[in-house]
Amino acid sequence: MGGEAGDRRLGRVMSFGIPDVALGLVMGFVEDPWDRDAISLVCRHWCRVDALSRKHVTVGMAYSITPDRLLRRFPCLESLKLKAKPRAAMFNLIPDDWGGSASLWIRQLSASFDFLKALHLRRMIVSDDDVDVLVRAKAHMLASLKLDRCSGFSTSSLALLARTCKKLETLFLEDSSIADKENDEWLRELATNNSVIETLNFFLTDLRASPAYLTLLGRNCRRLKVLKISECFMPDLVDLFRTAEILQDFAGGSFDDPGQDAESRNYENYYFPPSLHRLSLLYMGTNEMPVLFPYGATLKKLDLQFAFLSTEDHCQLVQRCPNLETLEARDVIGDRGLQVVAQTCKKLQRLRVERGDDDQGGLEDEHGMVTQVGLMAVAQGCPHLEYWAVHVTDITNAALEAIGTFSKSLNDFRLVLLDREANITESPLDNGVCSLLRGCTKLQRFAFYVRPGALSDVGLGYVGEFSKKIRYMLLGNAGESDQGLLQLSTGCPMLQKLELRGCFFSERALAMAALQLKSLRYLWVQGYKASPNGTDLMAMVRPFWNIEFIAPKQDEPCPHGQAQVLAYYSLAGMRSDCPPSITRLHPSI
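Residues numbered from 1 in each chain as written. Predicted model: local features only at pLDDT ≥ 70, side-chain atom pairs only at ≥ 80, totals over all residues. Heavy atoms only, no water.

An unreviewed UniProt entry annotates the protein chain as Coronatine-insensitive protein 1 originating from Zizania palustris.

Put into C-alpha cells, the structure is as follows:
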C-alpha cells in the first residue's frame with residue numbers, strides 16, 4: 001500500500017510536467033504570500049520546492065513562531081521582516097513593559113540563517129549587544145538593515161555598523177528611539193567606510209547630523225538615492241545637494257532657525273538635484289514655499305505633514321505639482337485643497353491626510369477642514385488611488401458611495417471621523433459603507449474609526465458580507481450590540497488581523513467572533529464589556545491560540561482606563577517574557 005500511495009503521489013507530481021528548476025524559477029516570481037501558501041498546498045513536492053525557493057518572509061507577530069521552526073520551513077531565506085509590539089503601541093496604548101525584545105531572534109538568525117542578507121525589525125527592542133552579535137555574524141553579507149520604530153540601541157551600534165558592514169546598501173532607522181543622539185561620529189564612519197549605501201533613513205529620530213558629514217556622505221557615496229535625515233537647517237545643506245547628484249528622495253532638513261528672522265531668509269535660488277522627485281521638508285512656511293515652485297512639475301511625492309502652511313498655501317503649491325503620485329498633508333489642506341488635488345493630480349496613487357494640531361492658531365482658516373465635499377472631489381478626480389487614509393470632520397453616505405463608484409483601484413482605505421463638531425450631517429453610515437465595500441473590490445486593508453451610532457449592527461453586517469478580500473481591519477466605535485459583531489464574523493473569509501476599539505461588545509461575543517472568523521490570526525481589542533479577569537474570553541480557546549489580558553491598573557491606568565485583550569495564533573506556545581501587567585489566559589502555564 002505504501003508503494004502504491006507513493007506511486008500516486010509521484011504520478012500527481014509528474015503529471016504537471018514541470019521540472020524542479022523551472023518550478024522554482026516560476027515560484028520566484030510569485031510575491032504574494034497568500035499565493036505562495038496556496039502553491040505549497042498543491043502537494044508535498046511543491047511544498048518542498050516552495051520552502052527552498054522562498055527568499056523573503058514576513059512574520060507579523062514575533063511570538064507566533066520560533067526562529068528554529070522558521071528555519072526548518074524556509075532554510076534558504078535571504079530576507080526577513082519581523083514585527084513584535086502591537087500596532088497600538090504607536091499610540092501609547094500598550095504598557096511600556098509589554099515585551100518585544102529582539103535578542104532571541106537575533107542570536108538565532110546570526111547563528112543559523114546562512115543566507116540572510118536583509119533584516120527588517122519593526123516595533124522591537126534591540127540592544128547594543130544584539131547589534132554586535134548580528135554584525136559579528138553577518139557583516140560580510142548584510143545588505144539591508146531596517147530598525148523601524150525600534151528602541152534600546154545607541155549611536156555606538158550605528159558606528160559599528162558603519163565601520164564593518166561594507167556591503168550595507170540600506171540603513172533604515174526612521175522613528176526609532178536612539179541613545180546618545182548628539183554623537184554623529186557614526187555618520188562620518190559611514191561616509192568614510194561605505195561606498196555602496198543607497199538608502200539612509202534616520203527621519204524623526206532626533207539624531208544630530210553635521211552638515212559637513214552629510215556632504216561627505218554625498219561626495220563619497222555615489223549610489224545614494226534616498227536620504228532622510230533629522231532636523232538640519234536648510235541653508236547648511238546646499239553643498240550636500242550639489243554633491244548628491246543622483247538623489248531621488250529626500251526628507252528632513254528644517255526651515256526653522258531660531259537665530260534668524262523669518263523676513264531675512266532668502267531661498268529664491270535654492271538648489272535641488274534634478275533627479276530629486278520625492279520630498280518632505282520640516283517647518284516650511286509661506287515665505288519658504290517658493291523654494292519648491294521651480295521643481296513642482298517633476299515631483300512625484302510631496303509630504304507636507306510637518307509644514308506650516310495654510311489652506312491657501314496648499315492650493316498654490318499643489319497646483320504646481322501635476323505629476324504627484326503620493327501626497328501627505330494635515331487636514332488644514334481642507335476641502336478646497338482637496339478639490340485642487342482632484343483637479344491637478346490625475347496620477348495620484350497614495351493620499352494621506354492626518355489630523356492637524358487643533359491649537360495651531362492661524363493655520364486653519366474657515367476652509368481648513370476635510371468633509372464629504374473634499375472626499376467626493378478626490379474620488380471623482382483621482383481614479384488611480386490605491387491608498388487613501390483621511391481624517392474628516394464630517395462625512396456622508398453619498399461621499400462613501402462616490403468612493404465605491406470611482407476609486408476602483410483602492411486596496412487600502414482608512415477613515416477617522418474627528419470629534420471637532422458636535423454633530424455630523426448624516427448617521428448611520430451603513431449604506432455608504434456597503435457601497436464602498438461593494439465597489440472597491442480590490443480592498444485588502446480597511447479602517448473605519450467613527451463615532452458611536454455612525455456604524456450600526458446593520459452596517460457591521462454589510463462589512464462582513466462585502467469584505468471578500470480584506471485581510472486587515474480596524475473598527476472604532478462600531479456597532480450597537482453583540483449581534484452586529486456576530487453578523488460581521490459570518491463573512492470576512494480572508495480576514496487575518498482584526499483590531500477593535502471602543503466597540504463595547506461582550507467577551508462572549510468577542511470569543512464567538514474569533515472562532516467564526518476562519519482565517520483570523522490576530523485580534524486586539526480595547527474598550528469592551530470586560531469582566532474583572534477575562535473569564536468569558538476563554539470560550540475562544542483552541543489549539544495554538546494565545547490569549548493575553550491587560551487590565552486597567554488602579555494606580556497607573558491604561559489610556560482611557562479600558563481593559564485590553566490580545567489574542568494571536570502561535571506555534572511557539574506560551575511566551576516567557578510576560579510582565580506583571582499582562583495576564584496570560586491561555587496557555588496559562
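1. Details of the overall build of the protein chain
Along the protein chain, the regular secondary structure elements total 19 helices and 23 strands. Whereas a compact globule of 589 residues would reach a radius of gyration of roughly 25 Å, the protein chain reaches 26 Å, a difference of no more than 12%. For the protein chain, the spread of C-alpha atoms along the principal axes amounts to about 85 × 60 × 60 Å. In the protein chain, buried positions account for 54% of the 589 residues. Relative to all contacts within the protein chain whose residues are 6 or more apart in sequence, the contacts with residues 24 or more apart total 71%. (Helix = DSSP H or I, 4+ residues; strand = E, 2+ residues; numbered from the N terminus. Rg over C-alpha atoms; globule rule 2.2 N^0.38 Å. Buried < 20%, exposed > 50% of the residue type's maximum accessible area, 1.4 Å probe, protein only. Contact = heavy atoms within 4.5 Å.)

2. Section: the packing of helix α8 (residues 155-164) against helix α9 (residues 185-193)
Two numbers describe how α8 lies on α9: the axes approach to 8 Å, and their chain directions differ by 5°. As far as their axial angle goes, α9 and α8 are roughly parallel. When α8 is examined against α9, the residues Thr155, Leu158, Ala159, Ala162 and Arg163 are found in contact with a partner set consisting of Trp186, Glu189, Leu190 and Asn193. (Axes fitted to C-alpha atoms, helices over the stretch in contact; angles between N-to-C directions. Parallel < 35°, antiparallel > 145°, perpendicular 65-115°, else oblique.)

3. Re the UniProt feature "domain: Transport inhibitor response" (unreviewed entry) in the protein chain
Taking the numbering used here, the UniProt-annotated feature "domain: Transport inhibitor response" (unreviewed entry) corresponds to residues 75-121. A helix fraction of 21% and a strand fraction of 19% characterise residues 75-121, whose end C-alpha atoms lie 19 Å from each other. (UniProt positions renumbered as here; feature names shortened; annotations may be inferred.)

4. Side note on the pairing of strand β2 (residues 79-83)
Side chains on a regular strand alternate between the two faces of the sheet. Strand direction decides the pairing type here: strand β1 (residues 56-59) and β2, joined by 4 bridges, are parallel. When the bridges of β2 are listed, Val59 appears paired with Leu82. With helix α5 (residues 67-73) bridging β1 and the parallel β2, this β-α-β connection has right-handed handedness. As judged from the 5 bridges shared by β2 and strand β3 (residues 118-122), these two strands associate in the parallel manner. Looking across to β3, one finds that Leu82 is bridged to Leu121. In terms of handedness, the path from β2 via helix α6 (residues 103-112) over to β3 forms a crossover that is right-handed. (Pairing = 2+ DSSP bridges. Right-handed = clockwise from strand over helix to strand, strands pointing away.)

5. Points about the packing of aromatic side chains
Within the structure shown, the criterion is met by 13 aromatic pairs. Taking the centre distance of 5.3 Å and the plane angle of 80° together, the rings of Phe272 and Tyr295 count as edge-to-face. Here the residue Phe272 occupies a position in the loop between β10 (249-252) and β11 (278-281), and Tyr295 occupies one in the loop between β11 and β12 (301-303), the gap between them amounting to 23 residues. Taking relative accessible area as the criterion, Tyr295 reaches 18% and is therefore assigned buried. Measuring from centroid to centroid gives 6.5 Å for Tyr462 and Phe466, while their planes differ by 40°, and the two rings are tilted. With Tyr462 and Phe466 both in helix α17 (residues 457-466), this residue pair falls 4 residues apart, about one helical turn. Linked through ring pairs, Phe241, Phe250, Tyr270, Phe272 and Tyr295 together constitute an aromatic cluster. (Phe/Tyr/Trp six-rings, centres within 6.5 Å; stacked < 30°, edge-to-face > 60°.)

6. Topic: the nonpolar core
Residues Phe250, Phe272, Trp388, Leu415 and Phe446 are the most contacted members of the largest nonpolar core, which totals 161 residues. Dropping the residues within four chain positions of it, Phe250 is found in contact with Leu227, Ile229, Leu237, Leu240, Phe241, Leu276, Arg278, Leu279, Ser280 and Leu281. Ranked by size, the runner-up nonpolar core spans 13 residues in total, among them Ala88, Ile94, Trp98 and Leu566. (Core = buried A, V, L, I, M, F, W, Y, C linked by side-chain atoms within 4.5 Å.)

7. Quick notes on the confidence of the model for the protein chain
On average, residues of the protein chain score 91 in pLDDT, and 92% of them are at 70 or above. Of the regions scoring below 50 in pLDDT, residues 10-15 engages in 4 contacts with residues more than four places distant in sequence or in other chains. Low pLDDT (under 50) marks residues 556-560, which in the prediction has 9 contacts with non-local residues, meaning those over four places away or in another chain. (pLDDT = per-residue confidence, 0-100.)

8. A word on helix α15 (residues 397-406)
Given 3.6 residues per helical turn, the α-helix brings residues three or four places apart onto the same face. Every buried residue belonging to α15 is among Asn397, Ala399, Leu400, Ala402, Ile403 and Gly404, and all of these are buried. Structurally, α15 contributes buried residues whose contacts are with α14 (372-381), β15 (387-392), β16 (412-417), α16 (430-439) and β17 (445-449).

9. Description of empty space enclosed by the protein
Taken as a whole and assessed by the stated rule, the structure comprises 2 cavities of 30 Å³ or more. Size it by volume and the largest cavity reaches roughly 40 Å³. Together, Asn546, Ile547, Glu548, Tyr568, Met574, Arg575, Arg584, His586 and Pro587 line the largest cavity. When residues of the lining of the largest cavity are traced back to their parent elements, those giving at least two are β21 (545-550) and β23 (583-586). Split by residue class, the lining of the largest cavity holds 4 nonpolar, 2 polar and 3 charged. (1 Å grid on protein atoms, 1.4 Å probe; cavity = no way out; pocket = protein on both sides within 12 Å on 5 of 7 lines; lining within 4 Å. Points joined across faces, edges and corners; volume = space filled by probe spheres on them. Nonpolar A, V, L, I, M, F, W, Y, C, P; charged D, E, K, R; others polar.)

10. Description of the pattern of salt bridges
For the structure on display, the rule yields 26 salt bridges. Close ionic contact of Glu499 with Arg87 constitutes a salt bridge, the shortest N to O distance being 3.1 Å. Taken together, the positions of Glu499 in strand β19 (residues 497-501) and Arg87 in the loop between β2 and α6 put the pair 412 residues apart, joining distant regions of the chain. Both residues of the pair, Glu499 and Arg87, count as buried. Put simply, Arg575 and Asp577 hold a salt bridge, and the shortest N to O gap is 2.9 Å. (Salt bridge = Lys/Arg side-chain N within 4 Å of Asp/Glu carboxyl O.)

11. Looking at the state of the cysteines
As enumerated under the stated definition, the model contains 0 disulfides in all. Of all cysteine sulfurs, the one in Cys47 lies closest to Cys43, which takes part in no disulfide; the gap is 8.7 Å. Just so you know, Cys221 is unpaired, no disulfide at all, and the nearest cysteine sulfur is the one on Cys165, 14 Å from it. Using a relative accessible area of 2% as the deciding quantity, one classes Cys221 as buried. (Disulfide = S-S within 2.5 Å.)

12. Comments concerning a negative patch on the surface
Together, Asp180, Glu182, Asp206, Glu231 and Asp256 make up a negatively charged patch on the protein surface. Looking at where Asp256 falls in the secondary structure, it is placed in the loop between β10 and β11. (Patch = residues over 30% accessible without salt bridge, like charges linked within 9 Å, V, L, I, M, F, W, Y side chains within 5 Å. Areas by Shrake-Rupley, 256 points an atom, 1.4 Å probe, with all protein chains shown as cover. Lys, Arg positive; Asp, Glu negative; His and termini not counted. Charge placed at Lys NZ, Arg CZ, Asp CG, Glu CD.)

13. Thoughts on the packing of helix α3 (residues 33-40) against helix α4 (residues 44-53)
α4 packs onto α3 with a crossing angle of 140° between their chain directions and a minimal axis gap of 7 Å. As summarised for this structure, α3 and α4 are arranged oblique, according to the angle between their axes. For the pair formed by α3 and α4, the contact residues are Arg36, Ile39 and Ser40 on the first element and Trp46, Cys47, Asp50 and Ser53 on the second. Considered class by class, the residues forming the contact of α3 with α4 number 3 nonpolar, 2 polar and 2 charged.

14. Brief notes about the environment of Pro428
Tracing the backbone through its elements, the reader meets Pro428 in the loop between β16 and α16. Residue class for Pro428 comes out partly exposed when judged on its relative accessible area of 34%. A C-alpha to C-alpha distance of 32 Å links Pro428 and Leu304, two positions 124 residues apart in sequence. Ignoring any residue separated from it by four or fewer positions in sequence, one finds Pro428 in contact with Asn397, Gly453, Ala454 and Ser456.

15. Thoughts on unusual backbone geometry
Look at the link from Ser427 to Pro428: it is a cis peptide, with omega at 5°. A cis amide bond, omega -15°, links His586 with the succeeding residue Pro587. Mapped onto the secondary structure, Pro587 falls in the segment after β23. With phi around 55°, Arg123 is a residue other than glycine that occupies positive phi space. Along the polypeptide, Arg123 turns up in the loop between β3 and α7 (128-138). Look at Arg123 and you get buried, because its relative accessible area is 6%. Unusually for a residue other than glycine, Asp175 sits at a positive phi of about 60°. Inspection of the secondary structure puts Asp175 in the loop between β6 (170-172) and β7 (177-179).

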